[in-house]
Structure formats: structure tokens, C-alpha cells
Amino acid sequence: MEDDRKDAVYGTPHKYDPTFKGPIYNRGCTDVICCVLFFLAIVGYVAVGIVAWTHGDPRKVIYPTDSQGQFCGQKGTKNENKPFLFYFNIVKCASPLVLLEFQCPTPQICVKQCPDRYLTFLNAHNSHDFEYYKQFCMPSFQNNKGVAEVLRDGDCPAVIIPSKPLFQRCFPAIHTNRGVLMVGNETTYEDGHGTRKNITELVEGAKRANMVLEARELAMQIFEDYTVSWYWIVIGLVIAMVLSLLFIILLRFLAGIMVWVMIVMVVLVLGYGIFHCYMEYSRLRGQAGSDVSLVDLGFQTDLRVYLHLRQTWMAFMIILSILEVVIILLLIFLRKRILIAIALIKEASRAVGHVMCSMLYPLVTFFLLCLCIAYWASTAVFLSTSNVAVYKIFDDTSCPLSGKTCNPETFPSVNESRQCPNGRCQFAFYGGESTYHRALLGLQIFNVFMFFWLANFVLALGQVTLAGAFASYYWAMHKPDDMPAFPLFSAFSRALRYHTGSLAFGSLILAIVQIIRVVLEYLDQRLKAAQNKFAKFLMVCLKCCFWCLEKFIKFLNRNAYIMIAIYGTNFCTSARNAFFLLMRNIIRVAVLDKVTDFLFLLGKLLIVGSVGILAFFFFTHRIRIVQDTALPLNYYWVPILTVIIGSYMIAHGFFSVYGMCVDTLFLCFCEDLERNDGSLERPYFMSPELRDILLSSQAGKQEEVEEE
């Protein structure tokens, strides 16, 4: 009676069909309208790329520009031999105007080299140092004015100080000497009137400007670490790939043993992590400065500092202990369900063994995703650099025209120069007033949206392909004799030939939700300074709801693609049938699907943890493979985190094939139970081992329900 009510609510189960032998080959095209829209969107995306590549100029990102909008160090220009940008008064780079205009309100020129000495214009004028000083003046400077006129007109800087190039820009070489803040070896300077002043005033402004550069310096140090350690990072990723492949191969022949070995190894790896954290915590006891709290220390760019605090290792130990306890409790309460999941994994291992080329398909997905990312990134760069140079009036005084656009060629002779006698018409930023320039924001949003759509389509294509191949295995009565010769290629060709529209439809829905999440994140960043608590609460609720919606759509799409691969129906019909089938078997979904996901997560953690521990000991010089392998790293956590993240992505790629196989076999199993009864006339397609353990567990659950 209860089953009848469930069937009435969640659709009618499929009836026995003696002609059904797995994925239907005689099928037609589905969701044709969405297929046409998808191809039109791709054509539009290509057109946007062509327009962006026509108008864009990536040199604006690579090379700095002077006050006239000319590139520094670019071949074929007058500044070809002047690769560095010099600021007349870098103190003004700390002005809030920089945040609005993205340009320092001070003259800037391209120079051959950054200043390496301290000089003032007053001292250098009429001296042997003037030839050196002139290279930091405006190119149009003529030595036919007085000192006051030169400084008033901004032809030369009032002072030059020792600087170092960073990202092709000259920044003061600030350092301390016995607690005194210094630039070079000078502590005082002369102003334009000959008065000797403490250079700390100048340096403090430069220091404020340099605070913005800390993140850039950190990025440069990280880049240096990559240049030194990239070879060993690649070796670590290769080790992760070999371990993943070896684990999958062993899982094919020793599924039950490997699952239990994986569980025990994860527990042991976490246990060793807890032990190591405790040893480090004990070692730091009594050492000077080790008892400083994380809150008192604050954020430090050198993350190695945190490893000298006992509180850091205590936090690591607590996190690992909680994770260890959670995993052990889950293993205790899910021990019976793990046996059922192992049976499903064994069946998945047989399916993967008969379709071994499926293990290589993640490489196809990875390649296509790389193409999508490359096209999106290049289009975004060309769009962001397709603006024209905009010149504005910069004036340190209270000029009413300050910030207005101007023409540098005609500015000296127009009325604006007379209203702002101290004003300068210099390059401000790249923009434009044409229709194309006003549409740039919309084109960038379209670029992001198409990236989401194409990336989701690539993932959907992989899921349908793998589902079709594994469904061919399940619905073969005599395995593998009744399977097609090339199940993976057949499934791939069917997906592209008949179901491009359905895949585009499912990907479109997901892309719309993802672009809404991006907009919400953007609005959240813009509203962070707001004091409206209701707006913040509403934003958190919206972000949470759309996150849940995205997860649900991904789950529904995944199962809909399996039904598409089997029956060849359109997306909406497949999604509805998959949802109703799962709801009619909701207990099995909770028992099998999530437990297998948990076991695969443990497998990923085992591979990532093993490679991560090896990387930690190697990059911290605890072990040396050969002599002289100690790498001069700024931050050893850079290669370690890279290896850990890369190892997880590699392991996820291999286990995703198993995950898709398990999901496909599970849906096929539920269909098999509804279509057949195990008799000679209507035999099950599932293997005897899978049938015995799944049906016996289901019978036991029914007995428990009846007793209650």
C-alpha cells in the first residue's frame, strides 16, 4: 500500500520490456532549440573574441606607461631602451586619487635605469652631476629656465633617491640602520630653498606607497620559489599520478582488501599528523617567543613565522583530532553499509576493467577545460586592454577643472591651462566614450557567462560519455560478450550526435545559477562597508540559497545525464525520470551512494596525505633524495601546497571515473529491480554477487520495519 502511494507521487516504474538491452541505439535528436541557441552563442562568443583581439593591446598589462601614455621598454617605440618607469614624487602615489584613477598624480617618465644615488635639483644644477640628473627630467626639458620655474612647471623632480626596480617601476630602496629609517645612506636632504631637512618626512610618504607593494613582493618571492622548485613539484605530481593509477589498478582486482587498507591507512596518516603536531608543540615549550598568540602576532607575509608558535601546532592538532574522531565514528556507524558499498565498488571495478580506456577520458576533459580557460582568459585580457588612452588634468591645488579630460597636444594653448596654471594634462587611465567602450562591462559579463556554459558543457559531455559506456556494461546479459566493441567511443559519438542540445540545456541552467552567484559575490564585496545589518543578512541568505541550488542542480544534472545516456530522452524528461527513480529508492540512495562517496573521499585523502607528507619532509630538508638537493626557498609552503592541491586534482580525476561508474550502476540497478524480478523469464542483469548482498540487505531492512 505504501509502495503504491510512493509510485503515485513519484511516477510509475518502468515495466518489463523483453526488447530492452541497455542504451538505446535507435534514438533521435533532443532539445534542438537549445542546441541552436548554443551554437549561436558560440558564434557570438567567437565574434566577441575577434572584436576584443582587434581592439585590445596586452602590452598595457605587461609594460608600464608614462604620463603621455607611451609604453616603457616596448620594442619599436621611442622608449625601447627605457624599460623602467620613474615617478617624480612617489609620495603622491599614496594619495586616495590613486584608488580612483589608478594613476599616480605626479609626472612619470621612462628611464634607462632607476636612480642609484641621492641628489636634489638645486645641488645638481650647474654641477657635474647635472648630466646624470637630466635623464630623470621630462624629455622636452630645455635648460633655459630658473630653478623655481623648472620645479613649478614639473620639468624635473625636486629630488631623486636611490631606488630599485620592481615590476619595471622604480621604488625607493628603503631600509633601516640601527632603528633609523633610511633611503640609501642619507638621512637628510635639501629642499628647493636650500634648507636641510630630515629625509624621514620624505621616506614616510614613500613607505606608505610601498605598503601596497608588499603583496607584489610576496608574489615575486612565490614566483622565485616556483622557478627553483618546479622540477620537484612535477616529480611530486607524477608520484601522485602513479599512486592514483596503482590504487585504481589494485582496486580492480582487490576491491574489498583495498577499501579496508585505505580506511586503515587514512586513520594511520591522520594519527601520525596528530603525533607530529604534538611533538612540535612539545619541542617549542620554553622557547622564547613561542607562546605569542596568533591574534597578537596578526597577519605576516612570511608564513614560516607561524610555525614557531605553539598555538599554531595546537590548532593543527585539534583540527586533525576532530577529523580523526569524525572518521572513526562514521566507520563505526556505517560498518554494515560499507560492506554494501564495497560490493558496488567491486562491480564498478569490473566495469572499469572492461572499459579501461575510460581511465584516460579525464585527460580529454582536462584538455577541453584548458581550452575554455585559455580562451576566456585571453578574451578577458584583450577586452580589459581595448580602451583608449584618457588624459586628465592633474593639479595639486584647488583647481575646479582638476580631474577633467584634456588633450595633451592642445592643453598649453587652451583656456583650461590658464584656469589651472599649475595643472598638468597627463595620462590617467585607459577608457573611452564610444558605444564599444560603454559595452565593455556587458561583454566581460558575457565572457564569464560563456565560460561557465562551455565549462559545464564539457563536464556534462564527459558524464554522458562515461555513463553510456558503463551502462553498456551493466545491461549486457553476458558480460563482456554482449558489450559493444568500443563502448566509450560509441557513447561519445551518441552524445555529440543526438544530445548536444540536452547537454547545453543542463549546462545553461547551471551557468545561470553560477553567474548569479558571481554577481552576489561582487555585490557582497561592494556592500562590506555598509552598516545595514538587514542588507548583510539578506545577502548571506541569498548566497546560501544559491549555493544549495547549485549543488542540487549539479546532482540532478548528473543523474539526468545518466538517463539521457541510457534512454536518449530530452533533458527535462530525463531529469524528471531520474528524480522520481531516486525518490522511489531513497533509502538505497542514502545507503549506497553517499557511503561510496565517503570511501572515495578517503581514497583521495590517502593519496593526498601520503604525497603531502613526502613533500613536507623533502622541501623542509628533513630528507634528501640525493646530495645537494636543499632548495633555497623563500617559503617552503609554496611547493608543498602546490603538490597537495595538484595531487588532489589528479586523484579526483581518477576517482571521478569510479564515481560516475558507481552512480550509473546504481541507477541501472534501481531500473533493473523495477523491470525484472529475477525469474527465468525476467532475469536480473546485475551480477550474482551484487544481487545477493543488495537484496539481502534490503530484505533485512524490510524485516526491521515490519518488526517496528
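About the criteria used
Residues numbered from 1 in each chain as written. Predicted model: local features only at pLDDT ≥ 70, side-chain atom pairs only at ≥ 80, totals over all residues. Heavy atoms only, no water. Phe/Tyr/Trp six-rings, centres within 6.5 Å; stacked < 30°, edge-to-face > 60°. Helix = DSSP H or I, 4+ residues; strand = E, 2+ residues; numbered from the N terminus. Buried < 20%, exposed > 50% of the residue type's maximum accessible area, 1.4 Å probe, protein only. Core = buried A, V, L, I, M, F, W, Y, C linked by side-chain atoms within 4.5 Å. Contact = heavy atoms within 4.5 Å. Disulfide = S-S within 2.5 Å. Axes fitted to C-alpha atoms, helices over the stretch in contact; angles between N-to-C directions. Parallel < 35°, antiparallel > 145°, perpendicular 65-115°, else oblique. Left-handed = near helix turned anticlockwise from the far one by under 90°. Nonpolar A, V, L, I, M, F, W, Y, C, P; charged D, E, K, R; others polar. Pairing = 2+ DSSP bridges. Salt bridge = Lys/Arg side-chain N within 4 Å of Asp/Glu carboxyl O.

J.: Please clarify how the packing of aromatic side chains should be interpreted in this entry.
T.: Given two aromatic rings, their pairing is described by the distance between the two centres and the angle made by the two planes. Applying the stated rule across the entire model yields 31 aromatic pairs. Between Y272 and F275, the aromatic rings sit 6.5 Å apart at their centres with planes inclined by 45°, giving tilted as the arrangement. Highlighted residues: Y272 and F275, both in helix α10 (residues 255–283), separated by three residues, approximately one helical turn. We classify F275 as partly exposed; its relative accessible area is 48%. Measuring from centroid to centroid gives 5.1 Å for W475 and F685, while their planes differ by 65°, and the two rings are edge-to-face. Of this pair, W475 sits in the loop between α17 (440–474) and α18 (487–498) while F685 sits in the loop between α23 (637–675) and α24 (688–707), placing them 210 residues apart in sequence. A residue is classified by how much of its surface remains accessible, and W475, at 2% relative accessible area, is buried.

J.: Whenever I open this one, the nonpolar core confuses me. Can you help?
T.: Note that soluble globular proteins tend to have their nonpolar side chains buried in a common cluster. Among the nonpolar cores identified, the biggest contains 99 residues, and W453 and L599 are the most heavily contacted of them. A total of 18 residues in this core trace back to one element, the largest contributor, which is α17. When near neighbours in sequence (up to four residues on either side) are disregarded, W453 contacts L37, F38, A41, A504, S507, L508 and A511. Grouped together as the second largest cluster of nonpolar side chains are 20 residues, V111, C114, F141 and C170 included.

J.: Any chance you could explain the state of the cysteines here in plain terms?
T.: Two cysteines joined by a covalent bond between their sulfur atoms form a disulfide. In this structure the tally under the stated criterion is three disulfides. Each disulfide pairs two cysteine sulfurs, and for C72 the partner residue is C110, the sulfurs being separated by 1.9 Å. Judged by the torsion about the S-S bond (-75°), the C72/C110 disulfide is left-handed. Here C72, found in the loop between α3 (59–62) and β1 (84–87), pairs with C110, found in strand β2 (residues 108–111); they are 38 residues apart in sequence, far enough to count as distant. Comparing C72 with C110, the two get one shared label, buried. The residue that forms a disulfide with C114 is C170, at a sulfur-sulfur distance of 2.1 Å. Sign of the S-S torsion, about -85° for the bond between C114 and C170, identifies this disulfide as left-handed.

J.: Where do I start with the packing of helix α13 (residues 335–354) against α23 in this structure?
T.: Pairs of packed helices are described in terms of their axes, by the angle between the two and the distance that separates them. Where α13 meets α23, the axes come as close as 9 Å, and the angle between the chain directions of the two elements is 110°. Between α13 and α23, the crossing angle belongs to the class labelled roughly perpendicular. With respect to the hand of their crossing, α13 and α23 are arranged in right-handed fashion. Between α13, through L344, I345, E347, A348, S349, A351 and V352, and α23, the contact on the second element is made entirely by Y658, C661, V662 and L665. Partitioned by chemical class, the residues of the contact of α13 with α23 number nine nonpolar, one polar and one charged.

J.: I would appreciate a short explanation of the pairing of strand β6 (residues 169–172) in the present structure.
T.: A regular strand places its side chains so that they alternate between the two faces of the sheet. Looking at chain direction, strand β5 (residues 163–166) and β6 are connected through four bridges and run antiparallel. Looking at the pairing, P165 lines up with C170 of β6. In this antiparallel pair of consecutive strands, β5 and β6, the connection spans two residues, and F167 shows a positive phi of 55°.

J.: Would you explain the side chain of E324 in this entry?
T.: Take E324: it is sitting in helix α12 (residues 310–333). Taking the relative accessible area as the measure of exposure, E324 reaches 11% and is therefore buried. What E324 contacts, discounting residues up to four positions off in sequence, is V266, V267, L270, G271 and I274.

J.: In this structure, what is going on with the pattern of salt bridges? I would like to understand it.
T.: A side chain of one charge can pair with a side chain of the opposite charge if their charged atoms are brought near each other. Inspection of the entire model under this criterion finds 12 salt bridges. D116 is paired through a salt bridge with R117; the nearest N and O atoms lie 3.2 Å apart. Given a relative accessible area of 33%, R117 falls into the partly exposed group. One salt bridge in this structure joins E671 and R675, with 3.5 Å as the shortest N-O distance. Of this pair, E671 and R675 both sit in helix α23, four residues apart, roughly one helical turn. The same class applies to E671 and to R675, which are both buried. Overlapping salt bridges, with partners in common, bring together R517, E550 and K554 in one network.

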